[in-house]
Structure formats: structure tokens, C-alpha cells
Amino acid sequence: MQRRSILKATAGVAATLAFPRVFAQLWPSGPIRIVVGFPPGGGTDALARVVATKLTQMWNQQVIVETKAGVAGVLAADYVAQQPSDGSTLLMAHINSHALAPSLQPKLNYNAERDFVPIVLVGVTPNLLIANPKEEAKTVKDIVALCRAKPGQVSFGSAGNGSAQHLALESFKLQAKVDAIHVPYKGSGPLLTDLMGGQIQYSFETMTAATPHVKSGKVLAIAQTRTKRAKGHPNVPTMEEQGFPGFEATTWYGLVGPGKLPAPIAQKMNEDVNKVLAMADVQEKLETYGAEDGGGTSEKFAAFIRSETAKWSKVVKDGNIRIES
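**Student:** Help me understand the overall build of the protein in this model?
**Tutor:** Along the backbone of the protein there are 11 helices and 9 strands. In terms of overall size, the protein behaves like a compact globule, its C-alpha atoms giving a radius of gyration of 22 Å where 325 residues would be expected to give roughly 20 Å. By its C-alpha atoms, the protein is 85 × 40 × 35 Å across when sized along the principal axes. Total accessible area computed for the protein in this model is approximately 14700 Å², and 54% of it derives from carbon and sulfur atoms. Put simply, the protein has 34 plus and 27 minus side-chain charges, and the middle of one group is 5 Å from the middle of the other.

**Student:** Honestly, the nonpolar core in this entry has me stumped. Any pointers?
**Tutor:** Considering soluble globular proteins, one finds that nonpolar side chains tend to be buried as a cluster. Judged by nonpolar contacts, the single largest core of 51 residues is most densely connected at Leu129, Phe156, Phe172 and Tyr202. Setting aside anything within four residues of it in sequence, one finds Phe172 in contact with Val140, Ile143, Val144, Phe156, Lys177, Val178, Phe204, Met239, Phe244 and Phe247.

**Student:** Looking at this model, I keep getting lost on the side chain of Asp272. Mind explaining?
**Tutor:** Summarising the element assignment, Asp272 is placed in helix H9 (residues 263-277). Polar side-chain contacts of Asp272 include one of 2.7 Å to the side chain of Trp59. When residues no more than four places from it in sequence are discounted, the contact partners of Asp272 are Leu55, Met58 and Trp59.

**Student:** Would you take a moment to explain the pairing of strand S1 (residues 32-36) for this structure?
**Tutor:** Sheet faces and side chains relate simply in a regular strand, where the side chains alternate between the two faces. Burial runs high along S1: 5 of the 5 residues are buried. Residues of S1 alternate between two faces, with Ile32, Ile34 and Val36 on one and Arg33 and Val35 on the opposite face, all of them buried. When S1 meets strand S2 (residues 63-67), the two strands line up parallel, connected through 5 bridges. If you follow Val36 over to S2, its bridge partner there is Thr67.

**Student:** Can you walk me through helix H8 (residues 207-216) in this structure?
**Tutor:** Since there are 3.6 residues in each turn of an α-helix, residues three or four apart along the chain are aligned in direction. Burial analysis of H8 places 7 of its 10 residues in the buried class, the great majority of the element. Residues of H8 that are buried include every one of Met207, Thr208, Ala209, Ala210, Thr211, His213 and Val214, and no others. Gly217 sits one or two positions beyond H8 and adopts a positive phi of about 85 degrees.

**Student:** Please clarify how the pairing of strand S6 (residues 181-184) should be interpreted in this entry.
**Tutor:** As paired elements, strand S5 (residues 155-158) and S6 share 4 bridges and run parallel to each other. Each residue of the ladder has a partner; that of Ser155, found in S6, is Ile181. Once the chain exits S5 it traverses helix H6 (residues 164-176) before rejoining the sheet at S6, and the crossover so formed is right-handed.

**Student:** Looking at this structure, how should I read the packing of aromatic side chains?
**Tutor:** How two aromatic rings sit relative to each other is given by the distance of their centres and the angle of their planes. Going through the model one piece at a time under the given rule, you end up with 11 aromatic pairs. Here Trp27 and Trp59 contribute two aromatic rings whose centre-to-centre distance is 4.9 Å and whose plane-to-plane angle is 80 degrees, an arrangement assigned as edge-to-face. Taken together, the residues span a long stretch of sequence, with Trp27 in the loop between helix H1 (2-26) and S1 and Trp59 in helix H2 (residues 43-59) at a distance of 32 residues. Given the relative accessible area of 13%, Trp59 is considered buried. Put simply, the rings of Phe156, Phe172, Tyr202, Phe204, Phe244 and Phe247 pair up and form one aromatic cluster.

**Student:** So what exactly am I meant to see when it comes to the confidence of the model for the protein here?
**Tutor:** Of all residues in the protein, 91% attain a pLDDT of 70 or more, and the chain-wide mean is 90. Between residues 3-19, whose pLDDT stays under 50, and residues either more than four places distant or in other chains, the model counts 0 contacts.

**Student:** Which parts of the structure should I look at to understand helix H7 (residues 188-197)?
**Tutor:** Along H7, the positions that sit buried rather than exposed are Ser188, Gly189, Leu191, Leu192 and Leu195. With its buried residues spanning 160 degrees around the axis, H7 presents them on a single face. Lining the buried residues of H7 we find strand S4 (116-131), S5, H6, strand S7 (202-206) and H8. Gly198 lies just past H7 and shows a positive phi near 85 degrees.

**Student:** I would appreciate a short explanation of the pattern of salt bridges in the present structure.
**Tutor:** Here the idea is simple: oppositely charged side chains can pair when their charged atoms come close. A complete count under the given rule lists 12 salt bridges for this structure. Note that Glu170 is salt-bridged to Lys173, the shortest N-O span being 3.6 Å. Note that Glu170 and Lys173 are positioned in helix H6 at a spacing of 3 residues, about one turn of the helix. The exposure classification of Glu170 matches that of Lys173, with both residues buried. Its salt-bridge partner being Asp293, residue Arg226 comes within 3.1 Å of it at the nearest N-O pair. Highlighted residues: Arg226 in the loop between strand S8 (220-224) and strand S9 (250-258) and Asp293 in the loop between helix H10 (280-289) and helix H11 (298-318), separated in sequence by 67 residues. We classify Asp293 as partly exposed; its relative accessible area is 40%. One network of salt bridges, with partners in common, ties together Arg226, Lys228, Glu292 and Asp293.

**Student:** What exactly am I supposed to notice about the environment of Leu104 here?
**Tutor:** Looking at where Leu104 falls in the secondary structure, it is placed in helix H4 (residues 95-104). Along the chain, Leu104 and Ala303 lie 199 residues apart, while their C-alpha atoms are 20 Å from each other.

About the thresholds
- Residues numbered from 1 in each chain as written.
- Predicted model: local features only at pLDDT ≥ 70, side-chain atom pairs only at ≥ 80, totals over all residues.
- Heavy atoms only, no water.
- Helix = DSSP H or I, 4+ residues; strand = E, 2+ residues; numbered from the N terminus.
- Rg over C-alpha atoms; globule rule 2.2 N^0.38 Å.
- Areas by Shrake-Rupley, 256 points an atom, 1.4 Å probe, with all protein chains shown as cover.
- Lys, Arg positive; Asp, Glu negative; His and termini not counted.
- Charge placed at Lys NZ, Arg CZ, Asp CG, Glu CD.
- Core = buried A, V, L, I, M, F, W, Y, C linked by side-chain atoms within 4.5 Å.
- Buried < 20%, exposed > 50% of the residue type's maximum accessible area, 1.4 Å probe, protein only.
- Contact = heavy atoms within 4.5 Å.
- Polar contact = N/O pair within 3.5 Å; in protein donor to acceptor, adjacent residues only side chain to side chain.
- Pairing = 2+ DSSP bridges.
- Right-handed = clockwise from strand over helix to strand, strands pointing away.
- Phe/Tyr/Trp six-rings, centres within 6.5 Å; stacked < 30°, edge-to-face > 60°.
- pLDDT = per-residue confidence, 0-100.
- Arc of directions from axis to C-beta.
- Salt bridge = Lys/Arg side-chain N within 4 Å of Asp/Glu carboxyl O.

This is how it looks when you write it as C-alpha cells:
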């Protein structure tokens, strides 16, 4: 009995010692890229850089944020789906690429569930209904009245056709029973530049991207689009508080890898990103951006993606929403 216990213990020690060697063979030896589907200046880029900086320090290995903007994040997702599943290339997945595009673009080159391995949810943010400060309509009620007085003339920018901002606008139009102009951009950065310059009037912009400009007074925050107020913007009322019961249109971000990413790598990355998200200075930054409810298991993230896909599929169907080619 004692000999059997000793043999079992010896085997356990050997397995424990062998695991790091096996894992070291799997782990990428060079720089790790986090691909972002939007230009610098947007929320996806901002959160990716927060995570990349901490992981670079934690892993003693360069973690680079790489931009591949286009098609509201779909271009980057398509690219990462085709990369080697060795952990060297990750995607900062986004509601656009993983929950909206499957309904809006049925001819996608990738399958959002089959071709990616969810690693961890980084954060969920409300969108902010923002305006150029010179606009006269500065409440949701007044914007609705303006849209009714000038049907098809009030402009709302988005980060692209089929983006979270676009779908938030479509939800608003359906619930308010108004018409407005949708102006798509190639990301939040150029959108915000034009809004601050007065070329467009409003946007349901991601809170992450809009917050610095709200804080500086360059844009005005009118409403936020979760049914609860974000900690980082306690004084901005929700759409629900301003007469739109149940209105919720969030933007979310999370790390995923190509579809055959080895489970040990995905697990290690999940554990380490959870450690990053728990850091006090990271929490402070996320709270400032309005990003909440991040972290947890990869299984939790996978279930979240499925629920979001089902929700927005219904909105697209009920609203007969089509994106322009």
C-alpha cells in the first residue's frame, strides 16, 4: 500500500514537472498580436491597449495591438479566423463581428462560433447618445421632436454599416417611430472628429470612445443605453429614464483566438487576463470608459456571445434592417 502511494506520488510529481515543458512547447515564442478591427481612437483600440500593456509586463513578452480596420470589425475577424491557431494572433472581438454581422451579413467568410475560441469577456459598455454641444436639441425628447419636424434630415454617425452604433440608431428609430440620416464611418475616431467639427449632429457612440471627449466638454452626453447607469457616468440618465422603457443597446469587447487554439493556451490566457482585469488601476480605467462586467470563464463568454447573437438577430428580423453594400 505504501509502495503504491509512493509510486502514485512520484507519477504526480513527474506529471507536474512535465506540464510546464509541454506548455512551453505550445506557447508562442515571438510577439503576440491583438488585432483590432477599428482605427485608433475608438473603444476597441483603447481597451486592447490597456490589456496588451499589462500582458506584456506579465508575460515578459511583447503583446502588440495591430489595426485592421474595415467593414465594422468584420475585416479583422475574417483575418484572424485564417491565422495559425498557435496563440500568436488574437482578436479583440466585438459585438459587431460576433453578434451583429452573422444576422446582417449571411455570406460571411467565417462562422463566429465555429472559427473562434472564446477566451475572456473584457467588458460591456453602454453606448452614449452624444451631440455636438452647439446643437439646440439636448434631450432625448427634443431630439425625437426634431426628427419628427425634419424627417430624414437629422444626422447620426456610426462606426460603419452594421455596427453597434448603427443598430442602436435603428432601435431608436423603431421605438421612437422617427426617420433620420445614418452616416457610416470607418470607425469611431473619424466619426468623433466630424461630430466635434459639426459635420454630423448625433451618434449612439460607444462609451469607451466617447468618454474622453465628454470629459473634455468637446461633445455632450445626452443619454446612456443600458437600463442601469454606468459607474463612470453616474449623472447621465438612461434612455429608459427618458421615456424609452427597456431600451438597451450595449457594446462589448472580448479576446478570442482562431478556432483550433489549444485549450491549455486559451486557459492560461483566460486566467491571466482575469488577473489583469482585477488590477486596481485597470479597474479604474475600465470604469472611466464605462466598461463593466468583464472577466469570468471562457464558457461564460461563449454563452454571452450566443445570447447576444440571438437578441440582435430578432431585432434585425423584426426591423427588416439591411446594411448598405
